[in-house]
Amino acid sequence: MEKLLKRQGKDARSPSGFLTGVINMLPLCLSVIPWGILAGSMAVQAGLTLPQSIGMSAIIFAGAAQLVTLGLLLSGASIPTIIISVFFITSQHFLYGLTFRETVSVLQARYRLPVGFLLTDELFALGCARKQRDKLTPGYLIGAGLTFYFSWNIFSLLGIFMAYAIPDLSRYHLDFSIVATFITIVVPMIKNLSVLCGVVASLVLSMVFSLFHIEGAVVIAGIGGMFISVITSRLAGGA
């Protein structure tokens, strides 16, 4: 175990792993430019001050959670609704952590904590692809994660200033970037019938619930999709 710890610690400082992570993350950074701008502009529209808007991206660093929180604030949702919605939306990070546990758990805290903070949907997608080729290192995760972190904050800051300079920024439909980004993340992970059924069910349920203005539609649809995916998997296994 001690030898493994030393080796992993060395990997975390490896220039090759770090730079490879930086390079691999750059395309995803470009894809979320409109998303970051949207998050920054929505923070201003929701009534946050300049320091609060900057701090939301720098400290929370969770695009989906930020956008959902701001959207719920603008719609006048209650605090419990916001807390519950954000909890379920970000609960997938428990699975992300378990997936990378073998790689990260043996590291010192100074490496584990940055990886945990930087772990996003985008980093998880890259990490899984890297792990399948047995090339996942802490250095790779930190390099890719830091690249996305700085990019996200730069684009969010750009959105904050654009919200002051350009009136009615929402009419440019920047929110479509959210859909585009998640499509590129989700589609490659659909490798069997149960996952496909879960994704389709979540999509349909979210549209239906939103049509009827049901509060917490995204959370309910996500849980429903997971339930259907589990049922489908068991039925397929039983067959």
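Residues numbered from 1 in each chain as written. Predicted model: local features only at pLDDT ≥ 70, side-chain atom pairs only at ≥ 80, totals over all residues. Heavy atoms only, no water.

A.B. asks: Requested: an account of the overall build of the protein, with residues and values cited.
C.D. replies: When its secondary structure is counted, the protein shows 14 helices and zero strands. N-terminal to C-terminal, the α/β element order of the protein is α-α-α-α-α-α-α-α-α-α-α-α-α-α. Here the protein holds 239 residues, and 41% of them are scored as buried. Excluding contacts between residues fewer than 6 apart, the proportion of contacts in the protein whose partners are at least 24 apart in sequence is 77%. Looking at the protein as shown, the accessible area adds up to about 13400 Å², and 72% of this sits on carbon and sulfur atoms. (Helix = DSSP H or I, 4+ residues; strand = E, 2+ residues; numbered from the N terminus. Buried < 20%, exposed > 50% of the residue type's maximum accessible area, 1.4 Å probe, protein only. Contact = heavy atoms within 4.5 Å. Areas by Shrake-Rupley, 256 points an atom, 1.4 Å probe, with all protein chains shown as cover.)

A.B. asks: With reference to specific residues and values, describe the environment of Thr232.
C.D. replies: Counting through the fold element by element, Thr232 comes out in helix H14 (residues 217-238). Note on Thr232: relative accessible area 15%, which makes it buried. The spatial distance from the C-alpha of Thr232 to the C-alpha of Val195 is 8.6 Å, given a sequence separation of 37 residues. Excluding residues within four positions of it along the chain, Thr232 makes contact with Leu193, Ser194 and Cys197. In this structure the side chain of Thr232 is engaged in a polar contact, spanning 2.7 Å, whose partner is the backbone oxygen of Ile228. (Polar contact = N/O pair within 3.5 Å; in protein donor to acceptor, adjacent residues only side chain to side chain.)

A.B. asks: Requested: an account of the packing of helix H4 (residues 50-60) against helix H5 (residues 63-75), with residues and values cited.
C.D. replies: Interhelical geometry of H4 versus H5 gives an angle of 145 degrees and a closest axis separation of 10 Å. Of the residues in H5, those in contact with Met56, Ser57 and Ile60 of H4 are Gln66, Thr69 and Leu70. Split by residue class, the contact of H4 with H5 holds three nonpolar, three polar and no charged. (Axes fitted to C-alpha atoms, helices over the stretch in contact; angles between N-to-C directions. Nonpolar A, V, L, I, M, F, W, Y, C, P; charged D, E, K, R; others polar.)

A.B. asks: Go over H4, please, and point to the residues and values.
C.D. replies: Every buried residue of H4 is listed here: Ser53, Gly55, Met56 and Ser57. One or two residues past the end of H4 sits Phe61, with phi positive at roughly 50 degrees.

A.B. asks: Hey, could you go over helix H13 (residues 193-211) for me, with residue numbers and the actual values?
C.D. replies: Because an α-helix packs 3.6 residues into every turn, residues spaced three or four apart end up facing the same way. An ideal rise of 1.5 Å per residue puts 27 Å on 19 residues; H13 measures up with 27 Å between its terminal C-alpha atoms. Just beyond H13, the residue with positive phi is His213, at close to 55 degrees. (Expected span 1.5 Å × (residues − 1).)

A.B. asks: Now, about a nonpolar patch on the surface: what can you tell me, with residues and values included?
C.D. replies: Together, Leu193, Leu196, Val200, Leu203, Val204, Met207, Val208, Leu211, Phe212, Ile214 and Ile220 line one region of the surface with nonpolar side chains, adding up to about 1000 Å² of accessible area. It is H13 that provides the largest number of residues to the nonpolar patch, a total of eight residues. Within the secondary structure, Val204 is located in helix H13. You can call Val204 partly exposed: its relative accessible area is 41%. (Patch = residues over 30% accessible without salt bridge, like charges linked within 9 Å, V, L, I, M, F, W, Y side chains within 5 Å. Salt bridge = Lys/Arg side-chain N within 4 Å of Asp/Glu carboxyl O.)

A.B. asks: Any chance you could break down the environment of Ile160 for me, citing the residues and the numbers?
C.D. replies: The topology assignment puts Ile160 in helix H11 (residues 138-165). Exposure remark for Ile160: the relative accessible area of 1% places this residue in the buried category. Here the alpha-carbon distance between Ile160 and Ser53, two residues 107 residues apart in the chain, equals 7.3 Å. Ignoring any residue separated from it by four or fewer positions in sequence, one finds Ile160 in contact with Gly40, Ser41, Val44, Leu50, Ser53 and Ile54.

A.B. asks: Summarise the confidence of the model for the protein; cite the residues concerned and give the values.
C.D. replies: Averaged over every residue, the pLDDT of the protein is 81; residues scoring 70 or more account for 85%. Of the regions scoring below 50 in pLDDT, residues 1-15 engages in 20 contacts with residues more than four places distant in sequence or in other chains. (pLDDT = per-residue confidence, 0-100.)

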